[in-house]
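As a plain string of letters, each chain reads:
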Amino acid sequence: MTFYKPLLFFCSLLLIGCLPDKKEVNSGAPTYRIEGNVSNFTEGTKFYLHNLATNANVDSATVKNNKFLMEGHIADPPSLFWLRATDGEDYVYTPLFIGNDNLTLIADKKDFAWNVKTSGSKIDASYRKSMDVTKELDIKRDSLIFGFHALSDGEKEEMREEFMETVGKIDSIIKLRTIKYVKETSDTYAGILQLGFHKDDIPKDSVKIIFDRYSNELKQSKFGRVVKVYLESKNIEKGDKFLDFVGLDQLDNKTSLSNLMEERKFLLINYTSAYCGYCIRATDELKEISNKYQNSLNIVDFSADPHKETWLKSVERDQNSWPSLWDGKGRYSESALRYNFSVTPTFLLISPDGKIVDRWVGYKEGKLKKDLERYF
């Protein structure tokens, strides 16, 4: 079953070392409890619970006597996570789609990612059933990616074209099977999650028919909002007038995007998140761009982080000279959805007359700097 492939895999490898973003749980708040029973892991192996929407490790636990325990609170349940660990040279993961549930996980190391057994969470059980639709393809895909990652740089370069073509074919079949699942599925969180992922791959009138089948609970969930905004409004594209939005800046002042527009200056929006490895890597290049084009370009960060303290810590860490805006709604804010900001980093260039003129998804060293040269 598809989720953020293939970019997420490589981002995840980069982010394994991130410190857990563990939050204190208020007394009386609903909590999750994940009890792991695992075999063939080295004593002391650390598992991380990684939120796929925020790129943050929200919890961690250490294996002791073949067991580990995680407990915490999910503020806007349910959420899709990767449970992952590195044991020596072995990297393992499995998706978990949970709310504030009690979940038991049973797995040998070889069972990761796709043959892990869980119980206790109806939402996760439904999601794991949906995974069965493409499981054999996902296993084959993972094998190819791990095998490619193990090659030397020279071997990777030699095999890259064939590798990308093979993975692309698998992804195409996975997409077709997932869309078929979305069209046929019953009223589940797994279904509406995948409908949000694949809304652009299905005719809009068909998306509406599928969406109308869901309960009000699912329609009003954060996953339902993704589809609802898509159905009710037009995404902002190249050539369109920019969409204004208001957020807090790092000085706690309410600031609109339009307030940052200056006469005869372009504006570059950097859609970013605190724990995104490629966002951190892009910072130095953005500082070079800011210095080089200070008379013709302004930069503003738009944070995808749902937690204010996480956002502010990243602002302090990066020490950028330009403003950062945060609206507290994370990746599910209407502004992010309208701009189709689904991956961090994403860069959007607005002309002095307020038109969207270019867009870049992801980060590759030097590419943004080179591409911007055509405008200055």
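Scroll up to find the structure this text is about.
Residues numbered from 1 in each chain as written. Predicted model: local features only at pLDDT ≥ 70, side-chain atom pairs only at ≥ 80, totals over all residues. Heavy atoms only, no water.

Caption draft 1: Representation of the environment of phenylalanine 266. Mapped onto the elements, phenylalanine 266 comes out in strand β11 (residues 266-272). In sequence terms phenylalanine 266 and glycine 354 are 88 residues apart; their C-alpha atoms lie 8.4 Å from each other. When sequence neighbours within four positions are dropped, the list of residues in contact with phenylalanine 266 reads Ser296, Leu297, Asn298, Leu349, Ile350, Ser351, Pro352, Val357, Tyr375 and Phe376. (Helix = DSSP H or I, 4+ residues; strand = E, 2+ residues; numbered from the N terminus. Contact = heavy atoms within 4.5 Å.)

Caption draft 2: Just the nonpolar core, in detail. Among the nonpolar cores identified, the biggest contains 33 residues, and Phe97, Tyr127, Leu195 and Phe223 are the most heavily contacted of them. Only β5 (79-87), β6 (90-98), α2 (122-131), α4 (153-184), α5 (189-198), α6 (204-212) and α8 (222-232) provide two or more residues apiece to this core. The next biggest cluster of nonpolar side chains, apart from the first, holds 23 residues, and it includes Tyr32, Phe47, Ala61 and Ala85. (Core = buried A, V, L, I, M, F, W, Y, C linked by side-chain atoms within 4.5 Å. Buried < 20%, exposed > 50% of the residue type's maximum accessible area, 1.4 Å probe, protein only.)

Caption draft 3: Here's a closer look at the packing of aromatic side chains. Taken as a whole, this structure holds 23 aromatic pairs when the rule is applied. Seen in terms of ring centroids, tyrosine 91 and tyrosine 93 are 6.3 Å apart; in terms of plane orientation they differ by 25 degrees. Their pairing is stacked. Accessibility classification places tyrosine 91 together with tyrosine 93 in one group, the buried group. Seen from their ring centres, tyrosine 91 and phenylalanine 146 are 6.1 Å apart, and the 45 degrees between their planes marks the pair as tilted. Taken as a pair, tyrosine 91 in strand β6 and phenylalanine 146 in helix α3 (residues 135-149) lie far apart in primary sequence, 55 residues in all. Look at phenylalanine 146 and you get partly exposed, because its relative accessible area is 28%. Here the aromatic residues Trp82, Tyr91, Tyr93, Trp114 and Phe146 are joined through ring pairs into a cluster of three or more. Positioned above the aromatic ring of tyrosine 230, the side-chain terminus of lysine 204 is 4.8 Å from the ring centre. (Phe/Tyr/Trp six-rings, centres within 6.5 Å; stacked < 30°, edge-to-face > 60°. Lys NZ or Arg CZ within 6 Å of the ring centre and 35° of its normal.)

Caption draft 4: Quick peek at the packing of α2 against α5. In contact at an axis separation of 8 Å, α2 and α5 are set at 55 degrees when each is read in the N-to-C sense. Relative to α5, the element α2 is oriented oblique. Contacts from Ile123, Ser126, Tyr127 and Ser130 of α2 reach α5 at Tyr189, Ala190, Leu193 and Gln194. In the contact of α2 with α5, the residues fall into 5 nonpolar, 3 polar and no charged. (Axes fitted to C-alpha atoms, helices over the stretch in contact; angles between N-to-C directions. Parallel < 35°, antiparallel > 145°, perpendicular 65-115°, else oblique. Nonpolar A, V, L, I, M, F, W, Y, C, P; charged D, E, K, R; others polar.)

Caption draft 5: Quick look at the sheet that holds β11. One open sheet accounts for 5 strands, arranged β13-β12-β11-β14-β15; its pairing is mixed. Pairing within the sheet leaves two strands with one partner each, and these edge strands are β13 (324-325) and β15 (356-361). Relative to strand β14 (residues 346-350), β11 is paired through 5 bridges, and the arrangement is antiparallel. Residue pairing across strands places leucine 267 opposite isoleucine 350, the latter belonging to β14. Contacting β11, β12 (297-303) and β14, helix α9 (residues 277-292) crosses the sheet at an angle of about 160 degrees to β12. (Pairing = 2+ DSSP bridges.)

Caption draft 6: Here's a closer look at unusual backbone geometry. In this structure, the amide linkage connecting proline 77 to the following residue, proline 78, adopts the cis form with an omega of -5 degrees. For the bond from threonine 344 to proline 345, the omega torsion is -5 degrees, close enough to zero to count as cis. With respect to the secondary-structure elements, proline 345 resides in the loop between α11 (334-338) and β14. In the Ramachandran plot, asparagine 40 falls in the positive-phi region, its phi being about 65 degrees despite a non-glycine side chain. Along the chain, asparagine 40 falls in the loop between β1 (32-39) and β2 (46-51).

Caption draft 7: Broad picture of the pairing of β5. Burial analysis of β5 places 8 of its 9 residues in the buried class, the great majority of the element. Of the strand pairs in this sheet, β2 and β5 are connected by 5 bridges, and their pairing is antiparallel. Within the sheet, the bridge partner assigned to leucine 49 lies in β5 and is leucine 83. Examined bridge by bridge, β5 and β6 share 9 bridges and lie antiparallel to one another. Residue pairing across strands places alanine 85 opposite valine 92, the latter belonging to β6. The antiparallel hairpin formed by β5 and β6 contains 2 residues in its connecting segment, where glycine 88 sits at a positive phi of about 65 degrees.

Caption draft 8: Inspection of the pattern of salt bridges at higher detail. Considering all chains together, one arrives at 23 salt bridges under this definition. When the shortest N-O distance is used, the salt bridge between lysine 208 and aspartate 212 registers 2.9 Å. One end of the pair, lysine 208, and the other, aspartate 212, are both in helix α6, 4 residues apart, so they sit about a helical turn from each other. Owing to a relative accessible area of 45%, lysine 208 belongs among the partly exposed residues under this scheme. One salt bridge in this structure joins arginine 317 and aspartate 318, with 2.9 Å as the shortest N-O distance. Residue classification places arginine 317 among the partly exposed residues on the basis of a relative accessible area of 42%. Given a relative accessible area of 16%, aspartate 318 falls into the buried group. Counted as one network, the salt bridges with shared partners bring together Lys238, Asp358, Lys367, Asp371 and Arg374. (Salt bridge = Lys/Arg side-chain N within 4 Å of Asp/Glu carboxyl O.)

Caption draft 9: A look at α4. In this model α4 runs 43 Å from its N-terminal to its C-terminal C-alpha over 32 residues, within 8% of the 46 Å that 1.5 Å per residue would give. The sharpest bend along α4 measures roughly 55 degrees and falls at methionine 159. Taken together, the buried positions of α4 are Lys156, Phe163, Val167, Ile170, Asp171, Ile174, Thr178, Ile179, Tyr181 and Val182. Here the buried face of α4 lies against α2, α3, α5 and α6. (Expected span 1.5 Å × (residues − 1). Bend = angle between axes of the 7 residues up to and from the residue.)

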